[in-house]
Structure formats: structure tokens, C-alpha cells
Amino acid sequence: MKTDIEIAQEAVMKPIKEVAESLNITEDDLELYGKYKAKISNEYYEKIKENPDGKLILVTAINPTPAGEGKTTVTVGLGEAFGRLNKKAVIALREPSLGPCFGIKGGAAGGGYAQVVPMEDLNLHFTGDFHAITAANNLCAAMLDNAIQQGNELQIDPNQVVWKRCVDINDRVLRNIVVGLGRKVDGVVREDHFVITVASEIMAILCLATDYADLKERLGKIILAYTYDGKPVTAKDIRAVGSMAALLKDAMKPNLIQTLEHTPALVHGGPFANIAHGCNSVKATQTALKMADYVITEAGFGADLGAEKFMDIKCRKAGLKPDCVVLVATVRALKYNGGVAKEHLSEENLEALAKGIVNLEKHIENLQKFGVPVVVTLNQFVTDTEAEYQFIKQFCEERNCEFALAEVWAKGGEGGIALAEKVIETIERKPSHFAPLYPDDLSIKEKIETIAKEIYGADGVSYSPEAETAIRKIEDLGYGDCPVCMAKTQYSLSDDMKKLGRPTGFTIHIREIYISAGAGFVVAITGNIMTMPGLSKSPAAYGIDLTDDGKITGLF
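Residues numbered from 1 in each chain as written. Predicted model: local features only at pLDDT ≥ 70, side-chain atom pairs only at ≥ 80, totals over all residues. Heavy atoms only, no water.

Colleague: Teacher, can you tell me more about the sheet that holds strand β21 (residues 484-487) here?
Modeller: For sheets, the rule is that strands pair by backbone hydrogen bonds, running either parallel or antiparallel. The mixed open sheet is built from four strands, whose spatial order is β20-β22-β23-β21. Sheet topology places β20 (460-463) and β21 at the edges, where each strand pairs with a single neighbour. Neighbouring strand axes in the sheet, compared pairwise and without regard to direction, differ in orientation by 40 degrees on average. Seen against the sheet, helix α12 (residues 303-318) touches β21 and β23 (521-526) and runs at an angle of roughly 170 degrees to β21. Helix α20 (residues 465-476) contacts β20, β22 (507-516) and β23 of the sheet and is inclined by roughly 40 degrees relative to β22. (Pairing = 2+ DSSP bridges. Helix = DSSP H or I, 4+ residues; strand = E, 2+ residues; numbered from the N terminus. Axes fitted to C-alpha atoms, helices over the stretch in contact; angles between N-to-C directions. Contact = heavy atoms within 4.5 Å.)

Colleague: Which parts of the structure should I look at to understand the packing of helix α9 (residues 212-221) against helix α10 (residues 241-248)?
Modeller: Each pair of packed helices can be described by the angle between their axes along with the distance between the axes. As a packed pair, α9 and α10 sit with axes 9 Å apart at the nearest point and diverge in direction by 130 degrees. The orientation of α9 relative to α10 falls into the category oblique. Both α9 and α10 take part in a crossing whose hand is right-handed. Note on element contacts: α10 touches α9 through Val-241, Met-244, Ala-245 and Leu-248, opposite Leu-215, Lys-216, Leu-219 and Gly-220. A class-by-class count of the residues in the contact of α9 with α10 yields six nonpolar, one polar and one charged. (Parallel < 35°, antiparallel > 145°, perpendicular 65-115°, else oblique. Left-handed = near helix turned anticlockwise from the far one by under 90°. Nonpolar A, V, L, I, M, F, W, Y, C, P; charged D, E, K, R; others polar.)

Colleague: Just to check I follow, could you spell out empty space enclosed by the protein for this structure?
Modeller: Summed over the entire model, instances satisfying the criterion amount to two cavities of 30 Å³ or more. The space that makes up the largest cavity amounts to roughly 90 Å³. Taken together, Glu-95, Pro-96, Leu-98, Leu-122, Leu-124, His-125, Phe-126, Gly-128, Asp-129, Phe-130, His-131 and Asp-168 form the lining of the largest cavity. A total of three residues in the lining of the largest cavity trace back to one element, the largest contributor, which is helix α7 (residues 129-149). For the lining of the largest cavity, the per-class residue count stands at six nonpolar, three polar and three charged. Its boundaries defined by the atoms lining it, the second largest cavity holds a volume of some 40 Å³. Taken together, Ile-40, Ser-41, Tyr-45, Pro-254, Lys-283 and Thr-287 form the lining of the second largest cavity. Taken together, the residues that form the lining of the second largest cavity break down as three nonpolar, two polar and one charged. (1 Å grid on protein atoms, 1.4 Å probe; cavity = no way out; pocket = protein on both sides within 12 Å on 5 of 7 lines; lining within 4 Å. Points joined across faces, edges and corners; volume = space filled by probe spheres on them.)

Colleague: Would you mind going over the sheet that holds strand β12 (residues 223-227) with me for this structure?
Modeller: With antiparallel pairing, the three strands of this open sheet are ordered in space as β7-β12-β13. With one partner strand each, in any of the chains shown, β7 (156-161) and β13 (232-234) form the two edges of the open sheet. In this sheet, neighbouring strand axes are inclined to one another by 50 degrees on average, regardless of whether the strands run parallel or antiparallel. The pairing of β7 with β12 spans two bridges and is antiparallel. Note that in β12 the partner of Val-161 across the bridge is Ala-225.

Colleague: Would you explain the pattern of salt bridges in this entry?
Modeller: Opposite charge on two side chains permits them to pair, given that their charged atoms come into close proximity. Under the criterion given, the structure shown has 36 salt bridges. We note a salt bridge from Asp-29 to Lys-47, for which the minimum N-O separation is 3.1 Å. Note that Asp-29 is positioned in the loop between α2 (16-21) and β1 (30-32) and Lys-47 in helix α3 (residues 42-48), a separation of 18 residues in sequence. On the basis of relative accessibility, which here comes to 4%, the residue Asp-29 falls in the buried class. Relative accessible area serves as the criterion here: at 56%, Lys-47 is assigned to the exposed category. Here Glu-402 makes a salt bridge to Lys-422, at a shortest N to O gap of 3.6 Å. With a gap of 20 residues between them, Glu-402 in strand β19 (residues 402-406) and Lys-422 in helix α18 (residues 417-429) connect regions that are remote in the sequence. A residue is classified by how much of its surface remains accessible, and Glu-402, at 13% relative accessible area, is buried. (Salt bridge = Lys/Arg side-chain N within 4 Å of Asp/Glu carboxyl O. Buried < 20%, exposed > 50% of the residue type's maximum accessible area, 1.4 Å probe, protein only.)

Colleague: Could you clarify how one ought to interpret the environment of Ser-443 in this entry?
Modeller: Looking at where Ser-443 falls in the secondary structure, it is placed in the loop between α18 and α19 (444-456). The sequence separation of Ser-443 and Gly-480 amounts to 37 residues, and the corresponding C-alpha distance is 6.0 Å.

Colleague: Is there a simple way to think about a nonpolar patch on the surface in this case?
Modeller: A cluster of nonpolar residues, Val-178, Leu-181 and Val-189, forms a patch on the protein surface that exposes about 290 Å² of accessible area. Here Leu-181 lies in the loop between β9 (177-179) and β10 (190-192). (Patch = residues over 30% accessible without salt bridge, like charges linked within 9 Å, V, L, I, M, F, W, Y side chains within 5 Å. Areas by Shrake-Rupley, 256 points an atom, 1.4 Å probe, with all protein chains shown as cover.)

Colleague: Would you explain the packing of aromatic side chains in this entry?
Modeller: Each aromatic ring pair is specified by the distance between its two centres and by the angle formed by the two planes. Counted under the stated rule, the structure contains one aromatic pair. Over the ring of Tyr-463 we find Lys-445; its NZ or CZ atom is 4.7 Å from the centre of that ring. Here the basic side chain of Lys-488 rests over the ring of Tyr-456, its NZ or CZ set 4.8 Å away from the ring centre. (Phe/Tyr/Trp six-rings, centres within 6.5 Å; stacked < 30°, edge-to-face > 60°. Lys NZ or Arg CZ within 6 Å of the ring centre and 35° of its normal.)

Colleague: How do you make sense of the pairing of strand β17 (residues 324-329) when you look at a structure like this?
Modeller: Successive side chains on a regular strand alternate, one facing one side of the sheet and the next facing the other. In terms of burial, β17 is a largely internal element, six of the six residues being buried. Here β17 shows a buried face lined by Cys-324, Val-326 and Val-328 and a second buried face lined by Val-325, Leu-327 and Ala-329. As paired strands, strand β3 (residues 55-61) and β17 are joined by five bridges and run parallel to one another. Its bridge partner being in β17, Ile-57 is matched across the sheet by Cys-324.

What follows is the structure, given as C-alpha cells:
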């Protein structure tokens, strides 16, 4: 059986100019990054912005195993299937982070015969967007420390600096550090921290900004620190906005690539869903909606994270209305949620399946709370059995939920036709009545508790003393009407990764809360979630290599 990277490297790609032509995009509207990658110009969007919007389809998933369950694979395969049905469709994805590429989970190009290509480029440096975000973030950090060093006219309290540096690599030793050691000219000694780039506020801002003016306004609102008398210090105050925007100029433009079957894919932005808001850029999604009749996008990890944030943050902020949600499950993940160890997931186990399928049930119920029709799909693995399929199909149908099998990993678009037809039928037959889970005017605690009780199934919420203080401060500063971005483990509906299935009788523990004023949301960190992951004992980096003739191996 061929690996994902072998399949991708054997693919015959079309020049990206030809893929663009299928969408009536001329070469003048492309900024080429070689033969197979391009950015779409700002001028192109101005030409199409009055077009009617296509139908928006969100792909999300149940709580996964550590290796993930192929949500991106299904998204790509579904887009390819629309193409086989002669429907004008565009896929809108997030860009992969180097963290999971060299860590455990792997890249985010899909898998098997449902991939976007060039796979190696996408999973590594791509068009440099993440490097630009990292540079803008760290330039702001350097200018903040310089403002303190050069006389501190703003009276910034070094003990109340909240802006963190970032890097797009899992590097646990950078979580908590001390900077400014050495001579007086080397800066003020203070505690500092790093987050992974995909958890940075700059990433969130890039993904939510609609144009350069909006980008600069959001950048200017970023709260970096507080003065000795407790007043916020922003990026605008330290005069960092213009230079950050300049670094982000090209990164703001959506990237165009293709699937193995030449379906157009806009891949842009990449916040994690467990520690950030988990959706691709608003600009890419809005552009895709003007280009195609159907847009298939994804939200990271389980529906308790990515889908909730897609609905309550991205759709709320951008005025988007999804027409259908595809909920991806796998036999493996359902058995994992039923308590089966990772090494035994390939064995048929209907008892564990029956125990773990309550996780799927909860996600169906959650998505229906947003008023959007739901189609459940089972992402096929070679170890699945017919008895397991039939059990899941019957379970969904008994709950009046549409169901289709996805065989896209093995068959590409052909294996997604049944799912595509079910999605089209659902959109035509069941109108969407989308509404966010909660209104803007709830307090921060009320929003957190709504998510915890309605989506996670918690009995209640507890807050650390630091979180209590932070909530009061955020509301006093006038940010109480912002939506909440919950940072929580992706492996459980609770904040304890060991509580699988559909846990009950638990409390969500809020450890830390802060405002991302530029992004326009409040971040609530639960349990022991980390915004800077670490590498495992045997990271994927061990298996990645470059041959003497320049061929990359080991990516997945």
C-alpha cells in the first residue's frame, strides 16, 4: 500500500494557471509561487464581490484518536466528488503547522487519493504565510521590549507584559523563559513566554480580517501589556501597526492549489482548534463563496471545538451562514471513545463501538442546536467491518440523521459521490436556520457556562482566582460582549483527555482567561491545555528525510 507522500509525489499536477482558468481567474489575477501554487490578488475579489454566494458546507468531526480521523481527507474527497458530479465546487482549508508535521499528528493535506498538492510544499514552508505571521508577532514583541528599554515613556510595567513571542515548532522549553539577562544594554530582565504560531493572536487576526484597513485596525487593538497604574498598552501605542501590516501584506492573500483530481482549493490561515479558533481565513471563505456554487470548508478537531468556534466566532464575526454540516466519524475513533487501546483499534469490537458511539450522538445533538442540517459520514479504514458499518448506519437513521459512507482515502472523488449526493439532497430538502449558540450581551461567565453545559455536557464551571480577576478586568475594559474561544483538549468533551465517550458529572476548570482584543474574542484556557506543545518521545521528525537527489520522504 502506497503512503500518502508516495501518492502525492506520483500525481500529475496541472499548472496552477489552468486550475485558475476553471474558475475564470486570469493570469493577471494570480501571483505565482512556481508552477503549482499561487496567491489570488486583491483586485480579483473586487471583480467578483457582487456575485451571489454559493452554498457553504462545514466538515467537522467527533472527538478523535491522537492520530486524527481524516477530517481533511473527507473535506478534500467531498470536493473532488462534487467535481465528478459536474458541480462547481471549491475547497477552503487551513494551512498546516510545522508543529504536528514534525510531532505526532502529521500534516494537513488530506490523505490517500483525497489530497491537496503539492503536498510537501503545503506541509512545510508553502508560500511563507506562517513565517510572516511569526515575524510580525516577534517584531511587535521586540518593539515592546525596546519601548521599555528606551526610557519607558509609556510607563509599561515589565511584570504586566502579556504579549508572547511565537515560533511554529513544538518547543516546550520556550513556554516559560527569562529574557534581558546580561548587561543593561541587553534589555530589562523579565519573565517571558512563547506560544506556537498557530495559537498567536496575529494568526487569529489574519484569519478574521477582511482587508488591509481591517487588518491594521485589528492589529492596533492588540493589548500587549499594562502600565503601572493598570491601563492597557496596545500595538498602536508602541507604533508597531504599520510595520506589522507590511510584513503581513502578502500573507493576507488566499493561496490557490489543487487536489489530486484538480479541484481548486483555497488554503489560507491555520489556527489550531484546541487552543485557537480553528478555522481558515474569512477572506478565503468569502472569496470561495463568490467563485463557486458549493464551498467545502473544515473546522479543526471535534465539533465541540472547531465547529462551535466556526459558528460562534467566525460566522458571527463574518456574517456567514452554513447550509449543511458534515460530521465525520470513524469506527476507530468510536471504539477509542469506547475504551479500546490504540493498539487494538483495528480489531472488530461491537461492544466497544456501542459504548463509544454516544460520543457521536452528543456531537449530532450539539450541531443541531445551531439550526443547521447534519449529515454523518463514516471515513472508511481498511480494518473496518461490515457489521460495524451497519451498526453505525442504523444508529444515525434511528436519530433522524442523514448518513453516507466516505471511501475517499482509497478511491478519491469516486469514493465521495454517495456523500456528495446526500449533502446536495440535504441542502435542497432541509433549509438551514443557523443561529449562534449564545447572544453577544451575555456576560463572559454566562457564555463560558453556556458552552460548557450545552456543548460539553458539564454540570458547571469552576474558575481559578486568576481567571476571576481577569474576567472582572476584561469586562471593566469594555470587552464583555466578545465571544469566547475555549482552549480545551481535543480528545474529550470534558477538559480531561482521559474522560472518553460522553462523560457526565464533570466540571470544566478555567485556569486562565485573557482578551485577544484585535481578534475580537476572549480566550478561556481549561485544565492543563498548553499553548506551546512539546515533542513526543518519538516525534515524526525522526522519520523525515531528504534524499541525495532532493526528494523529501517521511511526511504524512
